[in-house]
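Structural characterization, general
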Amino acid sequence: MHSQNYDRIFLSPPHLGRHELNYVHKAIEDNWVAPAGPNLTGFEQDICQYTGAAHCVALSSGTAAIHLGLLLLGVGPGDEVLCPSFTFVATANPILYLGATPVFVDSEPITWNMCPDRLREAIEDRIRLGKRPKALILVHLYGMPALLSQLLAVAEAHDIPVLEDAAEALGSTFDGRRLGTFGHVGIFSFNGNKIITTSGGGALVTNQAAWAEKTRFLATQAKDPAPYYQHSAVGYNYRLSNILAGIGRGQMELIDSRVKSRREIYAWYQKNLRDVPALQFGPTEPALGSSNRWLTAVTLDPKHTTSTPEQVRQHLETHNIESRPLWKPLHQQPLFAQTPRYGQAVSADLFARGLCLPSGSAMTETELQRVARALREILLP
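Cut-offs used in this document
Here the residue index of a chain counts from 1 through its sequence in written order. Residues qualify for local features only when their pLDDT is at least 70, as the model is predicted, and side-chain atom pairs are given and counted only at 80 or more; totals for whole chains, interfaces and linings, by contrast, use all residues. Computation of side-chain values covers all heavy atoms of the structure but excludes hydrogens and water. Pairing between two strands requires that DSSP report at least two bridges joining them. Helix and strand definitions here come from DSSP, where helices need a minimum of 4 consecutive H or I residues and strands a minimum of 2 consecutive E residues; each element is numbered from the N-terminal end. Between buried and exposed lies partly exposed: a residue is buried under 20% and exposed over 50% of the maximum accessible area for its type, with that area taken using a 1.4 Å probe on protein chains only. It is the directions from the helix axis to the C-beta atoms that the arc portrays. We call two residues in contact whenever any of their non-hydrogen atoms come within 4.5 Å of each other. By convention a nonpolar core is built from buried Ala, Val, Leu, Ile, Met, Phe, Trp, Tyr and Cys residues, the set being connected through side-chain atoms within 4.5 Å. His residues and chain termini do not enter the charge count, which takes Lys and Arg as positive and Asp and Glu as negative. A side-chain nitrogen of Lys or Arg and a carboxyl oxygen of Asp or Glu constitute a salt bridge if their distance falls within 4 Å. Geometry is summarised by axes, namely lines fitted to C-alpha atoms with helices restricted to the contacting stretch, and by angles between N-to-C directions that run from 0 to 180 degrees. The crossing is said to be left-handed when, going from far helix to near helix, the turn is anticlockwise and less than a right angle, and right-handed when the turn is clockwise. Lys, Arg, Asp and Glu make up the charged group, whereas Ala, Val, Leu, Ile, Met, Phe, Trp, Tyr, Cys and Pro make up the nonpolar group; the residues left over, Gly among them, are polar.

Structural notes on the sheet that holds strand β6 (residues 173-174)
Strand order in the open sheet formed by 3 strands is β7-β6-β11, and the pairing between neighbours is antiparallel. Looking at the sheet topology across the chains shown, the edges are occupied by β7 (177-178) and β11 (289-290). Where β6 and β11 come together, 2 bridges link them in antiparallel fashion. Among the inter-strand pairings, F174 is bridged to a residue of β11, identified as G289.

The following block contains the structure:
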């Protein structure tokens, strides 16, 4: 009863409807295949309408959005940027692009996001060392809202601007407001594994018109308004194409049902695996927070199993089921060996015990049962 008898269950595959093709066909028929075009403008308007942000610029990736967002916040060579350790490397790489240094801050165990106490400690220590942080990148990991009220209060008290990395959190809310709209700048990712996708893509949102304009300018090679190609600033080729934006427009029509599906999948796992004491479902929604449950994540309780996440992952592979470890903390990455960090125990423990289960919004009851059966096999004595 192993892998060869079954189709593969992927972790978080793209889930397309029929709408996307209409927008893509129209773009091709009208010959709007260049970066600019009506789909691009429409997609940006869709995101503004959905999130409540005043301005949106669609870009080639979430990473490009972080890069330009940090530029807007004035980050440059020699600066320091506060960043969670427990996140994907794309959160921190753009700090390096700008010649700045990340300062890693550990998580708290409720939401798995940045710990407000560690953040305060990091800021006070950097200031004491004469290195006032230039910006804070705040991440909502796995779509889970961070402890926003506390984190924003700490940043505000020290007058540090916030870039909100909501790459995984489109559709999540805090206090009734969409994530991505709490920072001075917010970013989203539409990578193939995200809750909605443009195959590859991202977006930057802000309430400041001048910042949106500057982002658009920098993302299109920083062309000065002249009849010839004139440039007085470094530019980037970061604009999303009109074709991919068409996929995004079709996907935005489905965002509510995608969030609903992911939340239902999390609830199904939680309910149907509650008799497996080795499995702990996390992270937990904070007061006022609602998560899109982009990925269902679990940690293993060593009191109830000797299996490691890697052994569980390999066992699921024998059933042709894809699962993934949690993000390896950035303070443990060779790339960042010399980087300052504040606290590391929480993220290190989560990484040592955690696993992401298949969570695609098109999963069927049969597929969920297959995953649950395979988990029982290895985790129930």
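What follows picks up the thread again.
Here's the deal with helix α11 (residues 345-353)
Turning to α11, its buried residues number three or more, namely S347, L350 and R353. All buried residues of α11 fall inside an arc of 140° around its axis, so they share one side. As for α11, its buried residues are in contact with β10 (279-282), β12 (296-300), α10 (309-318) and β15 (354-357).

A few points about the nonpolar core
With 87 residues, the main nonpolar core has I47, L70, L82, L119, L136 and L170 as its most contacted residues. For this core, the element with the most residues is helix α3 (residues 62-72), which contributes 6 residues. Not counting the four nearest positions on each side in its chain, L119 is found in contact with L82, V105, M114, L136, L151 and V154. Judged by nonpolar contacts, the second largest core, of 24 residues, contains L279, V312, L316 and L355.

Describing the side chain of R262
Here R262 shows up in helix α9 (residues 255-272). One buried charge, R262, has no salt-bridge partner; the nearest side chain with opposite charge is E168, at 10 Å.

What to know about unusual backbone geometry
Residue G282 is joined to P283 through a cis peptide bond whose omega torsion reads -10°. Mapped onto the fold, P283 is located in the loop between β10 and β11. Positioned with a positive phi, D175 is a non-glycine residue whose angle comes to about 55°. Along the chain, D175 turns up in the loop between β6 and β7. Take D175: its relative accessible area is 53%, and that puts it in the exposed class. Positive phi, normally seen in glycine, also occurs at A222, with a value near 50°. Looking at A222, the relative accessible area reads 0%, which means it is buried.

Considerations on the environment of P325
With respect to the helices and strands, the residue P325 is situated in strand β13 (residues 324-325). Sequence-wise, P325 and L355 are 30 residues apart; in three dimensions their C-alpha atoms are separated by 4.5 Å. Not counting the four nearest positions on each side in its chain, P325 is found in contact with R313, F351, G354, L355 and C356.

Quick word on the sheet that holds strand β4 (residues 135-139)
With mixed pairing, 8 strands are arranged side by side in an open sheet as β1-β9-β8-β5-β4-β2-β3-β14. Both outer strands of the open sheet, β1 (55-59) and β14 (341-342), are each paired with one neighbouring strand and no more. Note: strand β5 (residues 162-165) against strand β8 (residues 185-189), 3 bridges, orientation parallel. In the sheet register, E164 faces β8, and the bridge partner there is G186.

Things to note about the packing of helix α2 (residues 38-51) against helix α8 (residues 242-252)
The axes of two packed helices give the description: the angle between them and the distance between them. Relative to each other, α2 and α8 sit at 35°, their axes nearing to 8 Å. For the pair α2 and α8, the sense of crossing is left-handed. Contacts between α2 and α8 involve P38, N39, L40, G42, F43, D46, I47 and Y50 from the former and N242, A245, G246, G248, R249 and M252 from the latter. Considering only residue class, the contact of α2 with α8 consists of 7 nonpolar, 5 polar and 2 charged.

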